[in-house]
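A structural walkthrough
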Amino acid sequence: MLEAPLESGAHSMSVTVVGSIAFDAVTTPLGERERMLGGAATHFALAASFFDRVHLVGSVGDDFGEDSFAVLATRGTDVSDIERVADGRTLFWAGRYGSDLNSRETLDTKLNVFADFEPKLSAASRDCDVLFLANIQPELQHKVLDQCNSPFVALDSMNLWIENARDALVDVIREVDCLIVNDAELRQLTKRPNVVSAARDVLDWGPSVVVAKQGEYGAALVTADSFFALPAYPLESVVDPTGAGDTFAGGFVGYLARHVDRATDEDVLRPAMAYGTALASFNVEEFGTDRVARLAAAEVHHRVAELRAMTHFERAPVALAR
Ligand code: AMP
C-alpha cells in the first residue's frame, strides 16, 4: 500500500539536487516561448518537492529574478545553496522539436555562469537522505559526491559527456547507487545494442539500479534480479517535452528518498517508477515549469492510480497449440 500523502511542510526526508538552472527558449509544434524557467535541477526539484525537503544547488546570474526564485522554492524547496553571480547571466538554452516531438535540435547553448559552476554544499545539503547528480560534467559530479554523506546517490548524464569524458563518467558511475539516463545514451555509454544488456554492464560497474528513460515510450527499470517497465501516460496533446526526463527523475528519486532504507526493493522501486511517470506526464502538458508548479497532490495520486489500472492485466491462461 502507498502511504498517505504528506501535508505541506511536513517533509521528514531530504533530497539534494545539483545541476543546471536555466532560461530556455523552446519551439514545439504547439507554440513557442522565448524565455522561460528551465534547467535540469529546476524540473527535478519541482517534482521531488512533492515528497521531500529539496535542497537545490546551482548557480544563476543577476538576471534571475525573485519571480523565478519563487518558482524554485515551490513546496518548500531550499534555494539558499544557489549561488547568485554578480555581473553574470544565467545559463541559456534554445531548442526546437520536430513534428513527432521525439527529435530535438539544440539551437543555442550559452553556458554563462554555469561554465564556472563550482557546487558548494551547505551542511544541510550534505546531510541529505538522497543525492541526485543531474547532468553536469562528470568531474564536478565526483566532487559533489565527495562532499556528501547521503546513503543513496542517483546520477543522470548526457551524450556530450559520453562522447567527451567517458572515462570520468564511468568512474563516477562506479560510485553511485542508481543510474538514470535515456536509453539511447545507455547504449552509447556501454556500446551494447539493447537496453537489458547495456543495463547489465552498468550493474557490473557498481550501481544496483538502472533506469532507462524512453521518452514517449516510458521507462524501464533493471536491477540484478528484476526487470520492470511502464509506458508513458498516454496524453492526446504534448505541448513541451523539455524537462520530462528530469521531472521523471524528481518523482522517482523523491519517492525513493521516502523509503531510503529500502530504496533498492522492488516494492519501492515500482511505485517510484509510477510516480516519476505520472509527474513527467504533467510536465509536458504545458510549457516549462507551468504545469508542475501549480500541480496538486491529489492530481498526482489520481494519475498514478490511472497508470496502475492501465498497465494491469489478469492472469488468463489459454491452451496454446504445440
Ligand atoms: P531534458 O529535456 O530532460 O533533456 O532537459 C532539458 C533541460 O536541460 C532544459 O531545461 C535546459 O535548460 C537544460 N540544459 C540544456 N543544455 C544543458 C547543458 N549543457 N547542461 C545542463 N543543462 C542543460
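Provided above is the structure to which this section pertains.
Residues numbered from 1 in each chain as written. Predicted model: local features only at pLDDT ≥ 70, side-chain atom pairs only at ≥ 80, totals over all residues. Heavy atoms only, no water.

**Quick look at the sheet that holds strand S6 (residues 91-97)**
Reading across the sheet, the four strands line up as S3-S2-S6-S7 and stay open at both edges, with mixed pairing between neighbours. With partners counted over all chains shown, the strands left at the sheet margins are strand S3 (31-38) and strand S7 (104-110), one partner each. On average, adjacent strands in this sheet sit at an angle of 15° to one another, irrespective of strand direction. With six bridges joining them, S6 and S7 adopt antiparallel strand pairing. Bridge pairing in S7 links Tyr-97 to Arg-104. (Pairing = 2+ DSSP bridges. Helix = DSSP H or I, 4+ residues; strand = E, 2+ residues; numbered from the N terminus. Axes fitted to C-alpha atoms, helices over the stretch in contact; angles between N-to-C directions.)

**Structural notes on a negative patch on the surface**
Negative charge collects at one region of the surface, where Asp-146, Asp-167, Asp-171 and Glu-175 lie side by side. Here Asp-146 shows up in helix H4 (residues 138-147). Among the residues examined, Asp-146 registers a relative accessible area of 63% and is labelled exposed. (Patch = residues over 30% accessible without salt bridge, like charges linked within 9 Å, V, L, I, M, F, W, Y side chains within 5 Å. Areas by Shrake-Rupley, 256 points an atom, 1.4 Å probe, with all protein chains shown as cover. Salt bridge = Lys/Arg side-chain N within 4 Å of Asp/Glu carboxyl O. Lys, Arg positive; Asp, Glu negative; His and termini not counted. Charge placed at Lys NZ, Arg CZ, Asp CG, Glu CD. Buried < 20%, exposed > 50% of the residue type's maximum accessible area, 1.4 Å probe, protein only.)

**Comments concerning the site of the ligand**
Near the ligand you find 13 residues, and of these Ser-20, Asp-24, Gly-39, Arg-104 and Gly-243 are the closest. One nitrogen or oxygen atom from the side chain of Ser-20 is found 2.9 Å from a nitrogen atom belonging to the ligand. Bound to the protein, the ligand loses 84% of the 510 Å² it would expose on its own. For the shell around the ligand, the elements supplying multiple residues, two or more each, are strand S2 (22-28) and helix H9 (244-257). Considering only residue class, the shell around the ligand consists of three nonpolar, seven polar and three charged. (Near = heavy atom within 4 Å. Polar contact = N/O pair within 3.5 Å; in protein donor to acceptor, adjacent residues only side chain to side chain. Nonpolar A, V, L, I, M, F, W, Y, C, P; charged D, E, K, R; others polar.)

**Comments concerning the side chain of Arg-303**
Checked against the element boundaries, Arg-303 lands in helix H12 (residues 297-311). With residues near it in sequence (within four places) discarded, Arg-303 still touches Tyr-233, Leu-235, Ala-278, Ser-281, Phe-282 and Glu-285. (Contact = heavy atoms within 4.5 Å.)

**With respect to the pairing of S2**
Taking burial as the measure, the seven residues of S2 include six buried ones, the bulk of the element. Note that S2 and S3 share six bridges and pair antiparallel. Following the sheet pairing, Phe-23 is matched in S3 by Leu-37. Between S2 and S3, which pair antiparallel one after the other, the connecting turn spans two residues. In terms of strand pairing, S2 meets S6 through six bridges, oriented parallel. The partner of Asp-24 across the bridge, within S6, is Trp-93.

**Section: the environment of Ser-150**
Secondary-structure assignment places Ser-150 in the loop between H4 and strand S9 (152-155). For Ser-150, a relative accessible area of 13% gives the class buried. With 19 residues separating them in the primary sequence, Ser-150 and Leu-131 have C-alpha atoms 6.2 Å apart. Excluding anything up to four places from it in sequence, Ser-150 contacts Arg-126, Cys-128, Asp-129, Val-130 and Leu-131.

**Re the sheet that holds strand S11 (residues 209-213)**
With mixed pairing, the nine strands of this open sheet are ordered in space as S5-S4-S1-S8-S9-S10-S11-S12-S13. Of all strands in the sheet, those with a lone pairing partner are strand S5 (82-85) and strand S13 (226-230), marking the two edges. Within the sheet, the average angular offset between the axes of one strand and its neighbour, ignoring direction, is 15°. Note: strand S4 (residues 53-61) against S5, four bridges, orientation parallel. For Gly-61, the partnering residue across the bridge sits in S5 and is Val-85.

**A word on the pairing of S6**
Burial of S6 is extensive: five of the seven residues sit out of reach of the surface. The turn linking S6 back onto S7 is made up of six residues, and Leu-101 within it adopts a positive phi angle of 70°.

**Details of the nonpolar core**
Judged by nonpolar contacts, the single largest core of 60 residues is most densely connected at Val-17, Phe-132, Ile-180, Val-211, Phe-252, Val-253 and Met-273. The greatest single-element share of this core, amounting to ten residues, is contributed by helix H10 (residues 266-283). Contacts of Phe-252, omitting those with residues within four sequence positions, involve Cys-178, Ile-180, Val-209, Val-211, Leu-221, Leu-269, Ala-272, Met-273 and Gly-276. If you look at the next biggest cluster of nonpolar residues, it comprises 39 residues, including Val-181, Val-195, Ala-199 and Trp-205. (Core = buried A, V, L, I, M, F, W, Y, C linked by side-chain atoms within 4.5 Å.)

**Description of the packing of H9 against H10**
It is at 7 Å that the axes of H9 and H10 come closest, and there the two elements cross at 145°. Two packed elements cross with a definite hand, and for H9 against H10 that hand is right-handed. For the pair formed by H9 and H10, the contact residues are Ala-244, Thr-247, Phe-248, Gly-251, Phe-252, Tyr-255 and Leu-256 on the first element and Val-268, Leu-269, Pro-271, Ala-272, Met-273, Tyr-275, Gly-276, Thr-277, Leu-279, Ala-280 and Asn-283 on the second. Of the residues in the contact of H9 with H10, the class split is 13 nonpolar, five polar and no charged. (Left-handed = near helix turned anticlockwise from the far one by under 90°.)

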